[in-house]
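If you want the building blocks of each chain, they are given just below.
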Amino acid sequence: MRWSMQKLEQYHQEGFLLVPNLLSVEEVDALNMDVPLLLQDDDSGMHREREHSGVVRQVYNSHRYVPTFRNLTQHPKIVAPVQQILTNSFYVWHSKLNVKEAFEGTVWLWHQDYGYWIYDGVDSKLMSVMIFLDPSTLHNGCLIVISGSHLWGRQEHYSDTTTTSYKQWCIQKSVLKKKVREAEIRQIIGQPGDVLFFDCNLVHSSNHNLSPIPRKSLIIAYNDIDNKPRPVKKPRPDWVVSRVFEEISWSEEA
Ligand SMILES: O=C(O)CCC(=O)C(=O)O
């Protein structure tokens, strides 16, 4: 389950690592079977964001309500590398199903996750894990990342309230200033069961889904257990900044 030194080095150099086929077909099928529970309107504590068209864009907090998704946050194949990267125990900062519906799933502008997490009163000891539940292709709005951009450190973000239904913090201007070369921009193409691990300062974005194929993925963000949020002026709700500090750790003997 642990990564080799070579894999770990690659992660630290590029700020991300895609692991093909990390989950089995059966594991992905079980998650996909439960996706309708996440999408349906209910009075569980799951939080949903919608596109202007009304279709679901994101579902937060499924790991608190749906056992398959809860188990995923503690899956040894995920937790072992997270422990190696964060070098400490950690907890789930939040989880979100990102739903890019066919034709209707809209863009994510260039940003770093820590661009806005800084305002939640934490240091940059967080990371994300993106689990592909559908194929992720050039046509259906796969994630796009700038290799090595986590080494820029956090950039100043501004808020964009017009491009999509969802207010986004973004850094198009920094990306322009950094004179990014085409070769540094990577499309994260993959199949269900592939898993992307990425740094909270990695610059990323994604395009509109113009295809007839949906692109669903689950993103679990983990925070170092010793990096709990300090009090801030405007605390965000629990579905995006969890106050459940359930410690996760992994050891070879476990
Ligand atoms: O799902 C995507 O394409 C990008 C999502 C993202 O960047 C985010 O949720 O912060």
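The structure under discussion appears in the preceding block.
Residues numbered from 1 in each chain as written. Predicted model: local features only at pLDDT ≥ 70, side-chain atom pairs only at ≥ 80, totals over all residues.

1. Observations regarding the overall build of the protein chain
Let me state the cut-off plainly: A run of DSSP states H or I qualifies as a helix once it reaches four residues; a run of E qualifies as a strand once it reaches two. Both are numbered from the N-terminal end. Every radius of gyration here is taken over C-alpha atoms, with the globule rule written as 2.2 Å times N^0.38, N being the number of residues. Around each residue's C-beta, the other C-beta atoms within 10 Å are counted; 20 or more make the residue buried, 12 or fewer make it exposed, and counts in between make it partly exposed. All C-beta atoms are placed from the backbone. Whether two residues are in contact is decided by their C-beta atoms, placed from the backbone, lying within 7 Å.
Scanning the protein chain from N- to C-terminus turns up seven helices and 13 strands. For 254 residues, the compact-globule formula gives about 18 Å, and the C-alpha radius of gyration of the protein chain, at 17 Å, lands near that figure. The 254 residues of the protein chain split such that 40% are buried. Long-range contacts, defined here as pairs at least 24 residues apart, represent 86% of the contacts in the protein chain between residues at least 6 apart.

2. Considering unusual backbone geometry
A negative phi angle characterises most non-glycine residues, just as the trans form characterises most peptide bonds. A positive phi angle is found at Asn-21, which is not glycine, with a value near 55 degrees. If you trace the backbone, Asn-21 turns up in the loop between strand E1 (16-19) and helix H2 (25-39). Look at Asn-21 and you get partly exposed, because 13 C-beta atoms sit within 10 Å. Phi at Thr-87 is positive, roughly 50 degrees, even though this residue is not glycine. Its place among the elements puts Thr-87 in the loop between helix H5 (76-86) and strand E4 (90-100).

3. Here's the deal with the sheet that holds strand E5 (residues 108-111)
Whenever strands of a sheet pair, they do so through backbone hydrogen bonds, lying parallel or antiparallel. Going by this rule: Strands pair, by our definition, only if DSSP identifies at least two bridges between them. Here, axes are lines fitted to C-alpha atoms. For helices the fit covers the stretch in contact, and angles between N-to-C directions go from 0 to 180 degrees.
The strand order across the open sheet formed by four strands is E5-E12-E7-E10, and the pairing between neighbours is antiparallel. Edge positions in the sheet fall to E5 and strand E10 (185-188), since each has one partner strand and no second. The mean angle between the axes of side-by-side strands here comes to 25 degrees, regardless of whether they run parallel or antiparallel. One ladder, built from four bridges, connects strand E7 (residues 143-146) with E10; its direction is antiparallel. Its bridge partner being in E10, Val-145 is matched across the sheet by Arg-186.

4. Let's talk about the pairing of strand E3 (residues 56-60)
Where burial is concerned, most of E3 is hidden: four out of the five residues are buried. Where strand E2 (residues 47-50) folds back onto E3 in an antiparallel hairpin, the turn is made up of five residues, including Gly-54, whose phi is positive at roughly 105 degrees. As judged from the three bridges shared by E3 and E4, these two strands associate in the antiparallel manner. In the strand pairing of E4, Gln-58 is matched with Asn-98.

5. Remarks on the site of the ligand
Going by this rule: For each residue, a C-beta position is placed from the backbone atoms; the residue is near a molecule or strand when that point lies within 6 Å of it. All residues other than Ala, Val, Leu, Ile, Met, Phe, Trp, Tyr, Cys, Pro, Asp, Glu, Lys and Arg, Gly among them, are scored as polar; the first ten of these are nonpolar and the last four charged.
Neighbouring residues of the ligand: Asn-98, Trp-108, Asp-113, Leu-143, His-204, Ser-206 and Ile-219. Grouping the constituent residues of the shell around the ligand by class yields three nonpolar, three polar and one charged.

6. What about the sheet that holds E4?
With antiparallel pairing, the seven strands of this open sheet are ordered in space as E1-E11-E6-E13-E4-E3-E2. Sheet topology places E1 and E2 at the edges, where each strand pairs with a single neighbour. When the angles between neighbouring strand axes are averaged without regard to direction, this sheet yields 15 degrees. As paired strands, E2 and E3 are joined by four bridges and run antiparallel to one another.

7. Focus on H2
We count it as follows: How far a helix is expected to stretch is found by multiplying one less than its residue total by 1.5 Å. At any given residue, the bend is defined as the angle formed between two axes, one fitted to the seven residues that end at that position and one fitted to the seven that begin there.
Counted at 1.5 Å a residue, the expected span for H2 with its 15 residues is 21 Å, and the 22 Å between its end C-alpha atoms agrees. Along H2, the helix axis deviates most sharply at Met-33, where the bend reaches about 30 degrees; the proline Pro-36 sits within four residues downstream. Those residues of H2 hidden inside the fold are in contact with E3, helix H3 (62-65), helix H4 (67-73), E4 and strand E13 (215-224).

8. Overview of the environment of Ser-44
One can find Ser-44 in the loop between H2 and E2. Separated by 17 residues in the primary sequence, Ser-44 and Asn-61 place their C-alpha atoms 9.7 Å from one another.

Keep in mind these values describe shape, not function.
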